[in-house]
Structure formats: C-alpha cells, structure tokens
Amino acid sequence: MESLYELWGKRNPEWEKKYQNSIIEVLSDYGKGTSQYLDVRGKTFGAGYEVFIIAFFIGLYFDKRRPLTIDKSKKKTLGQAIMYWGNIENRIGRTSYSIIREYIFAALVARTDFDFIALDKGNKTSRNAVDALMETMEQYANYGFYYMEEKLQDDPNFFFKDTAFLRIFLSFLEPQAPEPEADSDDDEPDPLE
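Residues numbered from 1 in each chain as written. Predicted model: local features only at pLDDT ≥ 70, side-chain atom pairs only at ≥ 80, totals over all residues. Heavy atoms only, no water.

(A) Quick peek at the nonpolar core. Counting residues in each nonpolar core, the largest one holds 47 residues, and the members touching the most others are W8, F56, M137, F145, M148 and F159. Sorting the residues of this core by element identifies α1 (4–9), α2 (18–27), α3 (48–62), α4 (99–111), α6 (126–154) and α7 (164–171) as the ones contributing at least two each. Take this core: its biggest share by element is 13 residues, from α6. Non-local contacts of F56, meaning those with residues more than four positions away in its chain, are made with I104, A107, L108, M137, Y140 and A141. (Core = buried A, V, L, I, M, F, W, Y, C linked by side-chain atoms within 4.5 Å. Buried < 20%, exposed > 50% of the residue type's maximum accessible area, 1.4 Å probe, protein only. Helix = DSSP H or I, 4+ residues; strand = E, 2+ residues; numbered from the N terminus. Contact = heavy atoms within 4.5 Å.)

Rendered as structure tokens:
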C-alpha cells in the first residue's frame, strides 16, 4: 500500500491561469524546461513549479490562503507531478533539492484541517486526505501568487533584485506588533470608595 506522501506526490496542483502571464512566465522558463539560457532570458527560476513553491511558502509563512476560482476553465496544472519537483541534478550546475517536497508535505499535514485519526481508523480514505492536503497547498500558493502580483504591480522590477525573496522571507522573522486589545467601556479603573 502506498503511503500518503507517495499518493500526494503523484498529484499535480492547480493554480489560476491569470497568474501565468503576470507571475509564472515573468519569473520562470515555464513550459521551456531548465536550460543554460536561464540568465540570458532574465528569468529568476527555471521550471514553473519553482515559482509555485515560492508562492506556497509565502502563503504559508503569512498564514494566508485564497481559495481558487471554482471555474475549471480558469485553472491549470504545472504538467509535472510533485514527486518530480527538484530532481534536476547535474544539469547546468544545479543541485537536487528534492527534500523541499518533504518540508512542504510536513507543513501541509500540520496546517490542513483534516482528521488523520479518522483516516487511520478507516473512517476516511487516503483520497480524502490527499484532496484536503492539495486544497491547502493550492490555497497557500494562490495567496502567494496574489501577493507576488501585488508586488510586481507596485514595482515591476521587485523580484529582479538579488535579495527580493530573501527580504520577503526575512520579514517573517521580524517581530510583529501586538494586536491592539479590543476597546471596552471599562478602561477606567474602579473608583476607590
């Protein structure tokens, strides 16, 4: 029997087509494969799934999700199952980074609202679990794409600076201002009597 990780790895996440021209093709050689001409064409990433991974982690670390459109005609897949992501090694001097799939999977298990005990008891199917994991993954990535699109609208060169992604991910380490407490009518101390 295949593990949940293996079943998840066979899937190919969906994303909204509207990000193809504005994000994925701008930042990667989507549809062309990785080659030695990456820098010549001014691309930050090789394969389209690399942009998807970045978008996923942006959504994850901001802890924000955006549901995908329900219109199937406005969604697309990357054309490569997750189990193949990051396997390019010894091509143009790259190193395999397949461990990232394990990090993504672990994050999805931690952040997906799914009853894994019910799965273990046989009350839910592996298909139910993988569908829930994929939905979480796609929603985090969808928020990441939205965020990236906003950044590019504000500054078309934002992601073409050497430290652009580093600055985004370092911002997650900065202390966040505490949420202000809700106002109440009882802000004044009780008078002494």
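Once the structure has been displayed, the description carries forward.
(B) Looking closely at the environment of E14. Turning to its location among the elements, E14 is positioned in strand β1 (residues 14–16). Residue E14 is classed as buried on the basis of its relative accessible area of 18%. Filtering out sequence-adjacent residues up to four positions away, E14 remains in contact with F52, L68, K72, K75, K76, T77 and E138. A polar side-chain atom of E14 sits 3.1 Å from a polar atom in the side chain of K72. (Polar contact = N/O pair within 3.5 Å; in protein donor to acceptor, adjacent residues only side chain to side chain.)

(C) Here's a closer look at the pattern of salt bridges. Scanning all chains against the criterion turns up eight salt bridges. Notably, a salt bridge pairs K75 with E14, separated by 3.6 Å at the nearest N-O pair. Taken together, the residues K75 in strand β2 (residues 75–77) and E14 in strand β1 connect sequence positions 61 residues apart. The same class applies to K75 as to E14, namely buried. Members of the salt-bridge network, linked through shared partners, are R11, R127 and D131. (Salt bridge = Lys/Arg side-chain N within 4 Å of Asp/Glu carboxyl O.)

(D) Summary view of a nonpolar patch on the surface. Together, L166, L170 and L173 line one region of the surface with nonpolar side chains, adding up to about 320 Å² of accessible area. Relative to the elements of secondary structure, L170 occurs in helix α7. (Patch = residues over 30% accessible without salt bridge, like charges linked within 9 Å, V, L, I, M, F, W, Y side chains within 5 Å. Areas by Shrake-Rupley, 256 points an atom, 1.4 Å probe, with all protein chains shown as cover.)

(E) The arrangement of unusual backbone geometry in detail. Positive phi, normally seen in glycine, also occurs at D63, with a value near 55 degrees. With respect to the secondary-structure elements, D63 resides in the loop between α3 and β2.

(F) The arrangement of α4 in detail. The end-to-end C-alpha distance of α4, which contains 13 residues, comes to 19 Å, matching closely the 18 Å that a straight helix rising 1.5 Å per residue would cover. Of the residues making up α4, those classed as buried are R101, I104, F105, A107 and L108. Projection of α4 onto a plane perpendicular to its axis shows the buried side chains occupying an angular sector of 165 degrees, all on one side. Of the residues in α4, the exposed ones pointing more than 90 degrees away from the buried face are Y103 and A110. Where the residues of α4 are buried, they touch α1, α3 and α6. (Expected span 1.5 Å × (residues − 1). Arc of directions from axis to C-beta.)

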